[in-house]
Amino acid sequence: MDDLTHILFRLGEQELPQYQPGIPPLIQSTNFYYDSVEDMSEALANEDEIPFYTRGLNPTTEILQKKLAALERTEDCLAFASGSAAVAAAVLVHLKQGDHIVSVENPYSWSGKLFNNFLNRFGVTVTMVDGRDPQNFEQALRENTKIIFLESPNSWTFELQDIKRVAQIAHKHGLISIIDNSYATPLGTQPANLGIGTMVHSATKYIGGHGDAVAGILCSDRKTIRKIFKSEFMTLGGVISPFNAWLLLRGLRTLPLRLERSSNTTMKVVEYLEQHPKIDRVYYPFSPSHPQHQLAKKQMKYGSGQFTLTLKTDQRTHVEAFCNSLKAFRLACSWGSFESLIFPAITLENSQNYGNSQLPINMVRCYVGLDEPETLIKDLEQGLKNI
Ligand SMILES: Cc1ncc(COP(=O)(O)O)c(C=O)c1O
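Residues numbered from 1 in each chain as written. Predicted model: local features only at pLDDT ≥ 70, side-chain atom pairs only at ≥ 80, totals over all residues. Heavy atoms only, no water.

Is there a simple way to think about the packing of aromatic side chains in this case?
Given two aromatic rings, their pairing is described by the distance between the two centres and the angle made by the two planes. Using the criterion set out here, one finds 13 aromatic pairs in the structure. Ring plane angle 75 degrees and centroid distance 5.9 Å describe the contact between Y206 and W335, whose orientation is recorded as edge-to-face. Note that Y206 is positioned in the loop between strand 6 (198-202) and strand 7 (216-220) and W335 in the loop between strand 10 (330-331) and strand 11 (341-344), a separation of 129 residues in sequence. W335 carries the same exposure label as Y206, and that label is buried. Ring geometry for Y206 versus Y367: centroids 5.9 Å apart, planes at 70 degrees, classification edge-to-face. Taken as a pair, Y206 in the loop between strand 6 and strand 7 and Y367 in strand 12 (residues 363-367) lie far apart in primary sequence, 161 residues in all. The rings of F158, Y183, Y206, W335 and Y367 are connected pair by pair, giving a single aromatic cluster. In this structure, R121 is placed above the aromatic ring of F118, and the distance from its NZ or CZ to the ring centre is 5.0 Å. (Phe/Tyr/Trp six-rings, centres within 6.5 Å; stacked < 30°, edge-to-face > 60°. Helix = DSSP H or I, 4+ residues; strand = E, 2+ residues; numbered from the N terminus. Buried < 20%, exposed > 50% of the residue type's maximum accessible area, 1.4 Å probe, protein only. Lys NZ or Arg CZ within 6 Å of the ring centre and 35° of its normal.)

So this is what it looks like as structure tokens:
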């Protein structure tokens, strides 16, 4: 080996493992080296257990996957480049042409597009049901149904499904059950304990929690995870980068604190809004006014920071004036991070992808981050004066 190869590619690098860093290492490496053909063959034969190539298994990602599997009370986990990649893999692995899915209505928009615009290209049909009554899932089943898909609470209007009862229906009919557990988080609800087989997350939200990484998580039994690894994970290749896995590990450390803080502040903000004369309605599962409040308390440990309000107006200009005047709440689409955000339904209208939204024009989705409750309430107070 010449000097340059040694200096650029080897020198000093083998000495690092003697230290015990307090933070998990970021192993931003595509490849893993082997000392013999035998070792390399063994790694390749066990690609989901021995790091071989980072599209398969990376040691930093592996730490994250272990933690999420443990939090979700499942045997195993895979981390994806986005929540949508995790949702798609969870669903696709069980499907073939001609199959049928029963999904809760109004899931996250791109899950809805997967069901309504994408899977039909491959001859898969989907029935969407009002998830508030578990019987609706059973009634929609057909001979070719393979999957029941839940998202509790679902997006924008936060209706819940009785997870245990729907899981019982799935078991009774021998069906795969999948839930998008992003809102409740694995600290708030552990659907595996209620009988659900696969949990998916937009880890972009609470799990990351710092607004700096788009990522997805899929937790399930070992057999399902191996099947996904061999097909959707390696073939479609929408895997998380080691750096984003490392950011999520950082985020996880404070997940309980952030969730508690965000939930407590949201309750105060919701209480304030519910008595305000310019507010028509607040949709928040932990508010006693929510029609499924009891179920929410039974299934979820935290109310979390997302809620939706409707303003007492039918005029777009009022909604715009309210939203434009807020300072502590920023206009942006995501949630689950430190920042407080608003997402007015009227912004969907001109979009090619969301233009057919059925949401009323006076609806604004809100997310409460880590700000002081007084700051947020003061901001809303001045904002509502603009209506
Ligand atoms: C409930 C829910 N599920 C899934 C997703 C998709 O996750 P990602 O944006 O990480 O792909 C989102 C994103 O907003 C979401 O809110």
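Okay, back to it.
It is not clear to me how empty space enclosed by the protein should be interpreted in this structure. Could you clarify?
Over the atoms, a rolling probe the size of a water molecule traces out where space has been left empty. All told, the structure shown has 1 cavity of 30 Å³ or more when counted by the stated rule. Here the largest cavity is characterised by a volume of approximately 50 Å³. Taken together, T54, R55, G56, L57, N58, T61, A79, F233, V239, I240 and P242 make up the lining of the largest cavity. Its residues placed into classes, the lining of the largest cavity shows 6 nonpolar, 4 polar and 1 charged. (1 Å grid on protein atoms, 1.4 Å probe; cavity = no way out; pocket = protein on both sides within 12 Å on 5 of 7 lines; lining within 4 Å. Points joined across faces, edges and corners; volume = space filled by probe spheres on them. Nonpolar A, V, L, I, M, F, W, Y, C, P; charged D, E, K, R; others polar.)

For this particular structure, what's the right way to read a nonpolar patch on the surface?
Taken together, L4, I7, L8, F9 and L11 make up a surface patch of nonpolar side chains, about 540 Å² in accessible area. Within the element layout of this structure, L11 appears in the loop between helix 1 (3-9) and helix 2 (37-45). (Patch = residues over 30% accessible without salt bridge, like charges linked within 9 Å, V, L, I, M, F, W, Y side chains within 5 Å. Areas by Shrake-Rupley, 256 points an atom, 1.4 Å probe, with all protein chains shown as cover. Salt bridge = Lys/Arg side-chain N within 4 Å of Asp/Glu carboxyl O.)

How should I be thinking about the side chain of Q65 in this particular structure?
By the element assignment, Q65 lies in helix 3 (residues 59-71). The class of Q65 is buried, set by a relative accessible area of 7%. Not counting residues up to four positions away in its chain, the partners in contact with Q65 are L57, C77, L78 and A79. (Contact = heavy atoms within 4.5 Å.)

Teacher, can you tell me more about the packing of helix 10 (residues 242-253) against helix 11 (residues 255-274) here?
What describes two packed helices is the angle between their axes and the distance between those same axes. Relative to each other, helix 10 and helix 11 sit at 60 degrees, their axes nearing to 5 Å. Between helix 10 and helix 11, the crossing angle belongs to the class labelled oblique. Contacts between helix 10 and helix 11 involve G251, L252 and R253 from the former and L255, P256 and R258 from the latter. (Axes fitted to C-alpha atoms, helices over the stretch in contact; angles between N-to-C directions. Parallel < 35°, antiparallel > 145°, perpendicular 65-115°, else oblique.)

How do you make sense of the site of the ligand when you look at a structure like this?
In the region of the ligand, the neighbouring residues are S82, G83, S84, Y108, E151, D180, S182, S202, T204, K205, A215 and W335. Within the contact set of the ligand, an oxygen atom lies 2.9 Å away from a backbone nitrogen or oxygen of G83. Backbone polar atom of S84 to an oxygen atom of the ligand: 2.9 Å apart, as the coordinates give it. Burial of the ligand by the protein amounts to 88% of the accessible area it has alone, namely 390 Å². One can see that the ligand is located within the largest pocket. (Near = heavy atom within 4 Å. Polar contact = N/O pair within 3.5 Å; in protein donor to acceptor, adjacent residues only side chain to side chain. Sits in = over half its atoms within 2 Å of the grid points.)

Even after reading the chapter, I still don't get the sheet that holds strand 11, so can you show me in this structure?
Strand pairing in a sheet takes place through backbone hydrogen bonds and is either antiparallel or parallel in direction. If you trace the 5 strands from one edge of the open sheet to the other, you get 8-9-12-11-10, paired in mixed fashion. Because the sheet does not close on itself, it has two edges, and the strands there are strand 8 (279-283) and strand 10. Contacts from helix 13 (residues 316-325) reach strand 9 (306-311), strand 10, strand 11 and strand 12, with the element oriented near 135 degrees to strand 9. (Pairing = 2+ DSSP bridges.)

What is the right way to read unusual backbone geometry from this model?
What you tend to see is this: most non-glycine residues have negative phi, and most peptide bonds are trans. Of note, the amide linkage connecting S152 to P153 takes the cis form, showing an omega dihedral of -10 degrees. Among the structural elements, P153 can be located in the loop between strand 4 (145-151) and helix 7 (163-172). For W156, which is not a glycine, the phi torsion comes out positive at approximately 70 degrees. Among the secondary structure elements, W156 is positioned in the loop between strand 4 and helix 7.

For this particular structure, what's the right way to read the pairing of strand 5 (residues 176-180)?
Sheet faces and side chains relate simply in a regular strand, where the side chains alternate between the two faces. Counting buried residues in strand 5 gives 4 out of 5 residues, a clear majority hidden from the surface. Relative to strand 5, strand 4 runs parallel, the two sharing 5 bridges. Of the residues in strand 5, the one forming a bridge with E151 is D180. Note on the crossover from strand 4 through helix 7 to strand 5: the handedness is right-handed. Strand direction decides the pairing type here: strand 5 and strand 6, joined by 3 bridges, are parallel. Looking across to strand 6, one finds that I179 is bridged to M199. (Right-handed = clockwise from strand over helix to strand, strands pointing away.)

What is the right way to look at helix 10 in this model?
Residues that lie three or four places apart on an α-helix share one face, since the helix turns once every 3.6 residues. The terminal C-alpha atoms of helix 10 lie 17 Å apart, and with 12 residues this matches the ideal 16 Å at 1.5 Å per residue to within 8%. Listed as buried for helix 10 are P242, N244, A245, L247, L248, L249, G251 and L252. On its buried face, helix 10 is in contact with helix 3 and helix 11. (Expected span 1.5 Å × (residues − 1).)

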